[in-house]
Amino acid sequence: MKPQSKVLLIEDDLSIVAGLKKELQSEGYDVAIALRGDEGLAAALDQSFDVVITDLKMPGLSGLDLVARLHGARPKLPILLVTAYGTTETAIEATKRGAFDYVLKPFDMAELLDLVAKAVACNRLASESIEVGTAQSAQTAIIGNSRAMQAVYKEIGRLAASAVTVLIRGETGTGKELVARALYQHSTRAGQPFIVVNCAAIPETLLESELFGHERGSFTGAHLRRLGRFEQANGGTIFLDEIGDMTPGTQVKLLRVLQEKYIQRVGGNEKIPVDVRVLAATHRDLEKAMQEQQFREDLFYRLSAVTITLPPLNQRSEDIPDVVKYFMQRSSAELGQSSPAIQPEAISFLQGQQWRGNVRELENVVRQSLLLARGYAVGLEHVQEAVLRNRRPVLTADQTIAAYFTELLARAQSGEVEGVRARMIEDMERELFTRAFELAQGNQAKAARWLGVTRTTMREKLTSFGARPASGKAET
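Conventions we followed
Residues numbered from 1 in each chain as written. Predicted model: local features only at pLDDT ≥ 70, side-chain atom pairs only at ≥ 80, totals over all residues. Heavy atoms only, no water. pLDDT = per-residue confidence, 0-100. Contact = heavy atoms within 4.5 Å. Disulfide = S-S within 2.5 Å. Buried < 20%, exposed > 50% of the residue type's maximum accessible area, 1.4 Å probe, protein only. Salt bridge = Lys/Arg side-chain N within 4 Å of Asp/Glu carboxyl O. Helix = DSSP H or I, 4+ residues; strand = E, 2+ residues; numbered from the N terminus. Axes fitted to C-alpha atoms, helices over the stretch in contact; angles between N-to-C directions. Left-handed = near helix turned anticlockwise from the far one by under 90°. Nonpolar A, V, L, I, M, F, W, Y, C, P; charged D, E, K, R; others polar. Pairing = 2+ DSSP bridges. Arc of directions from axis to C-beta. Core = buried A, V, L, I, M, F, W, Y, C linked by side-chain atoms within 4.5 Å. Expected span 1.5 Å × (residues − 1). 1 Å grid on protein atoms, 1.4 Å probe; cavity = no way out; pocket = protein on both sides within 12 Å on 5 of 7 lines; lining within 4 Å. Points joined across faces, edges and corners; volume = space filled by probe spheres on them.

Trainee: Hey, could you go over the confidence of the model for the chain for me, with residue numbers and the actual values?
Mentor: Across the chain, pLDDT averages 85, with 91% of residues at or above 70. Across residues 469-476 the pLDDT falls below 50, and counting only partners more than four positions away or on other chains, this stretch makes 38 contacts in the model.

So, in structure tokens, the structure goes:
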């Protein structure tokens, strides 16, 4: 299992410390406390944390000075500043000195917890090492030594050190986010923030605010000024995943950022300069989208000056044995199992499958196979059952519930499936839990609140469905 995320809380108000510590621990965080600014700085420099939450006014060292010194020493560590003094000068100064974001007292606990989860996810993505080829021990890796993947590795090496914008193309599940992270980690900006934005997972009414921030009162519910992801990524790299889902209006503003190197918050007139390398990815046919006037031609050419195209898994079946063994090693550790063997005929069966979901689908099948094998060697029957479970029909966007029921009952009538009611419930839960998890951008606590279940239930369901209950996805 993955270790708990570690939060350092620097606050001299004991009532706030007690309440916030309790809430953070209930969300599964390991919380350390410092009551003085200088003590907090020393702890943050001496130990490893995923996020730091600090007050503005404290004995020993002010929050702004702490932000500046800690960001200078550990620029990838997200720092959240909590303050009752929400002046424009404080906000600007906090951002200039390297704060990931700031929250005004009295704060909304749910909003703060969501911000902590987002900061932890950014830190993990920036810090988790990406290996290429055949990885034996890496937590996250791009696996494969086929000729097609060797060409991808060469492109990563050729482009990593430059500041050029890169468009990463490929089918869903081929590993586009991993390529983006490899480009970041081998760049001269590797010591700076790495921010990921899934353009498809954020409602279009909120995407502009998410990217560029907003001013207080700029729209209903905008009670505070909020920093955008471009400001948080200043000096570093931003990865815009599923950019083909971006609305035309937001495309115009992104084009301006790429051309003029500044952003404007929603509802604001101030031009804020940003130094950010942009990496983008999509599985969509952007050329077709341009013909249908759904994607701007000028933005396409600005993004696609340099392109890396990832091959689908079906075009590199020789890599499947290495990919399977890697996922077995990683998933067995997450499931608390010793790494079992897999029979050669099971590998051969997997090599003969059509992987429409690519590497991500194969990962789900491997996880299901391990659960079915219960710690013993994974055999042909286990992978066959896992493939069947992974590919049985679920309700799609263009399918009515009645059509789904008809199809499922037809399969029962032909003897293909049994226990239709249980299958239907599992299919619906799989869709509901995984979609909520994706829309919450990997924030289990938020997704659990939406569904009205406990965080433990959320984690157990995601594990049983073969999803990764973590702060982000391994492949895009």
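So much for the structure itself; the text now carries on.
Trainee: Talk me through the state of the cysteines; I want residue IDs and the actual numbers.
Mentor: Overall, the coordinates contain zero disulfides when judged by the stated rule. Among the cysteines around C122, which has no disulfide bond, C199 carries the closest sulfur, lying 14 Å off. Of the residues examined, C122 reaches a relative accessible area of 6% and is grouped as buried.

Trainee: Which residues make up the pattern of salt bridges, and what values go with them?
Mentor: Under the definition given, this model contains 22 salt bridges. The partner of E287 in a salt bridge is R169, with the nearest N and O atoms 3.0 Å apart. Of this pair, E287 sits in helix 11 (residues 286-291) while R169 sits in strand 8 (residues 166-169), and the two are 118 residues apart along the sequence. E287 sits in the partly exposed class, given a relative accessible area of 33%. Of the residues examined, R169 reaches a relative accessible area of 16% and is grouped as buried.

Trainee: Give me the packing of helix 6 (residues 147-159) against helix 7 (residues 176-185): which residues, what numbers.
Mentor: Contact geometry of helix 6 with helix 7 gives a least axis separation of 9 Å together with a crossing angle of 35°. Seen along the crossing, helix 6 lies across helix 7 with a hand that is right-handed. Note on element contacts: helix 7 touches helix 6 through V179, A182 and L183, opposite V152, I156 and L159. A per-class count over the contact of helix 6 with helix 7 returns six nonpolar, no polar and no charged.

Trainee: How would you summarise the pairing of strand 13 (residues 277-282) if you had to cite specific residues and measurements?
Mentor: Here strand 13 lies mainly inside the structure; six of its six residues are buried. In strand 13, alternate side chains face the same way, and those of R277, L279 and A281 on one face and V278, A280 and T282 on the other are all buried. Examined bridge by bridge, strand 8 and strand 13 share four bridges and lie parallel to one another. Considered in strand 13, the bridge of I168 is made with A281. Here strand 10 (residues 237-241) runs beside strand 13; their pairing, made up of four bridges, is parallel. In the strand pairing of strand 13, L240 is matched with A280.

Trainee: With reference to specific residues and values, describe helix 2 (residues 37-46).
Mentor: Burial in helix 2 covers these residues: G37, G40, L41, A43 and A44. For helix 2, the angular spread of the buried residues around the axis is 165°, confining them to a single face. Considering only its buried residues, helix 2 is in contact with strand 1 (6-10), strand 2 (30-34), strand 3 (51-55) and helix 3 (63-73).

Trainee: So what's going on with the sheet that holds strand 14 (residues 307-309)? Residues and values would help.
Mentor: Pairing between sheet strands relies on hydrogen bonds along the backbone, with the strands arranged either parallel or antiparallel. With respect to topology, five strands assemble into an open sheet ordered 9-10-13-8-14, the strand pairing being parallel. The open sheet has two edge strands with one neighbour each: strand 9 (194-198) and strand 14. With strand direction ignored, the average angle separating the axes of adjacent strands in the sheet is 15°. Alignment of strand 8 against strand 14, held across three bridges, turns out to be parallel. Bridge pairing in strand 14 links I168 to I308. Contacting strand 8, strand 13 and strand 14, helix 6 runs over the sheet at an angle of about 160° to strand 14.

Trainee: Outline the nonpolar core, listing residues and values.
Mentor: Among the nonpolar cores identified, the biggest contains 51 residues, and L24, V116, F230, I238 and L240 are the most heavily contacted of them. By residue number, the principal contributor to this core is helix 5 (residues 109-127), which donates eight residues. With residues up to four places along the chain from it excluded, the contact list for I238 reads I195, V197, R229, F230, A233, V276, R277, V278 and L279. L125, I168, V196 and V306 belong to the second-largest nonpolar core, a separate cluster that totals 26 residues.

Trainee: Describe helix 10 (residues 248-260), listing the residues and the values that go with them.
Mentor: Taking 1.5 Å per residue as the helical rise, helix 10 with its 13 residues ought to reach 18 Å, and the 18 Å between its terminal C-alpha atoms agrees with that figure. Among the residues making up helix 10, those that are buried are T250, Q251, L254, L255, V257 and L258. One side of helix 10 carries all its buried residues, which in axial view fall inside an arc of 160°. Along its buried surface, helix 10 packs onto helix 8 (204-212), helix 9 (229-232), strand 10, strand 11 (262-263), strand 13 and helix 12 (297-303). With its phi angle positive at about 65°, K261 sits one or two positions after the end of helix 10.

Trainee: Can you break down empty space enclosed by the protein residue by residue, with the values?
Mentor: Per the stated rule, a full pass over the model turns up one cavity of 30 Å³ or more. Considering only enclosed or pocket space, the largest cavity measures out at about 110 Å³ in volume. The wall of the largest cavity is formed by 15 residues, among which A141, I142, I143, R316 and V359 lie closest to the centre. For the lining of the largest cavity, the elements supplying multiple residues, two or more each, are strand 7 (140-143), helix 7 and helix 13 (320-334). For the lining of the largest cavity, the residue count by class is 11 nonpolar, two polar and two charged.

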